[in-house]
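Below, each chain spelled out in residue letters.
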Amino acid sequence: MFQIKRNLVVVMFIVVLSVIYQCIGVTQIGANSGNGYINNLFYKDNILGNGYLNDGKHWYLFKDGHKQIGIQKWKGEYYYFDLDTGLRSDSVFRKQWGKTYYFNQKGIAVSGFQTISGRKYFFGADGSYFLRKNTWIIINGKKYYADSNGVLVSGVKKIENKSYFFDFDTSCLRTKRDYVLSQWGKWYLIDKNGIVQSGLQRWQGKDYYFDPITFLKVKNQIKNINSIEWRFDNQGVGHKKEDRQPLGDITFTELNKLRNKNGLNPLIWNKKLAELAQRRSEETNFNGIPANHWRTQGEVIGIGWKKGSKVISAWFNETNMLPKGTSAHRDWLLNPAATKVGFGYSGNVIVGRSK
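Residues numbered from 1 in each chain as written. Predicted model: local features only at pLDDT ≥ 70, side-chain atom pairs only at ≥ 80, totals over all residues. Heavy atoms only, no water.

(A) Representation of the sheet that holds strand β1 (residues 35–38). The antiparallel open sheet is built from 3 strands, whose spatial order is β1-β2-β3. Strands at the two margins of the open sheet, each flanked by one partner only, are β1 and β3 (47–48). (Pairing = 2+ DSSP bridges. Helix = DSSP H or I, 4+ residues; strand = E, 2+ residues; numbered from the N terminus.)

This is how it looks when you write it as structure tokens:
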């Protein structure tokens with residue numbers, strides 16, 4: 001009986017040794033194959049793995065057989081390896097050190113301008129690779145703005161206490177005075193710094209008023225601006241109460257026809273200039289051309305001509321005008337800097353004053 005028990009113990013011992021041997025054998029087989037994991041350590045050619053290696057299924061970065069995680073540098077490029085699995089992460093945003101990075105389809109960290117899923121981003125051009133957020137970006141003299149998600153904005157965007165316009169195609173700040181269409185279908189006036197304008201503004205030779213809250217052009221409204229009453233018509237064009245053309249001033253009408261024909265902005269009627277012109281016409285009618293006329297800027301005189309096209313034509317062609325051989329009257333008619341005018345009449349004298 002004792003002998004049977006002893007033999008049973010020996011048999012059991014042999015079985016245990018066999019199992020242990022088989023386990024060791026399996027592990028040894030993995031090691032002998034040259035590549036694989038032993039006790040969670042990766043071997044390459046029977047040596048603990050080091051570097052950027054593929055274990056037969058995926059890419060990892062190993063150091064002494066251990067998988068590396070997070071952002072790692074390898075041969076001049078930066079990669080991201082999953083914090084749990086150590087797998088290389090491709091086509092993903094990842095955060096580390098309080099910054100956001102993007103790794104492309106090859107797992108490499110990108111830099112500079114990038115378009116990802118239809119949106120534009122900037123990841124620096126200084127080797128930092130992190131996504132810029134809530135900041136202005138200046139590249140080659142052009143300005144961009146990245147929002148809180150790092151997306152480069154386009155269209156109208158309020159930044160701090162100002163609204164700006166960024167090009168829809170390039171996301172670059174528009175840096176010229178322009179009338180632009182926003183992303184919600186509304187038109188806005190911007191200055192040369194790309195800032196959306198409000199208040200009384202002049203655009204293409206006409207005056208407009210843009211609401212200080214909505215920045216939209218007002219129409220069919222009357223506004224009191226700097227103690228002057230303005231009427232804005234159904235196109236938003238502004239007319240000062242004191243500058244409205246008097247009914248029947250044909251000289252004023254013919255002047256603007258000429259300017260329009262020559263591609264110039266029309267002038268607006270100015271009550272004060274008209275009053276000055278009226279006094280000068282009376283003075284000329286009674287006393288002749290004033291001695292200081294030649295030194296008075298913005299003034300023309302016509303003697304012996306009818307109102308309207310006759311006197312405008314005489315000034316334009318310098319017919320019987322003094323001093324002879326100059327283009328002073330034509331220059332007055334076609335002055336691109338002029339914005340307002342007034343005419344005065346007395347006897348056969350017509351005086352024009354512009355500014």
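(B) Spatial organisation of helix α2 (residues 250–261). For α2, built from 12 residues, the straight-helix expectation of 16 Å at 1.5 Å per residue is met to within 8% by its first-to-last C-alpha distance of 16 Å. If you check which residues of α2 are buried, you get Thr251, Phe252, Glu254, Leu255, Asn256, Leu258 and Arg259. Against the buried residues of α2 lie β24 (268–269), α4 (309–317), α5 (328–333) and β26 (340–346). Here α2 starts with a cap whose side-chain oxygen sits 3.3 Å from the backbone nitrogen of threonine 251, and that cap is aspartate 249. Phi for glycine 263, located one or two positions after α2, is positive at around 75°. (Expected span 1.5 Å × (residues − 1). Buried < 20%, exposed > 50% of the residue type's maximum accessible area, 1.4 Å probe, protein only. Contact = heavy atoms within 4.5 Å. Polar contact = N/O pair within 3.5 Å; in protein donor to acceptor, adjacent residues only side chain to side chain.)

(C) Layout of the pattern of salt bridges. One pass over the full model with this rule turns up 9 salt bridges. For arginine 132, the salt bridge is made with aspartate 126, and the minimal N-O distance between the two is 3.3 Å. Residue class for arginine 132 comes out buried when judged on its relative accessible area of 13%. Among the residues examined, aspartate 126 registers a relative accessible area of 55% and is labelled exposed. Taking the shortest distance from any N to any O, the salt bridge between aspartate 178 and arginine 174 comes out at 3.0 Å. The exposure class of arginine 174 is partly exposed, given its relative accessible area of 22%. Within this structure, Arg280, Glu283, Glu299 and Arg353 form a network of salt bridges that share partners. (Salt bridge = Lys/Arg side-chain N within 4 Å of Asp/Glu carboxyl O.)

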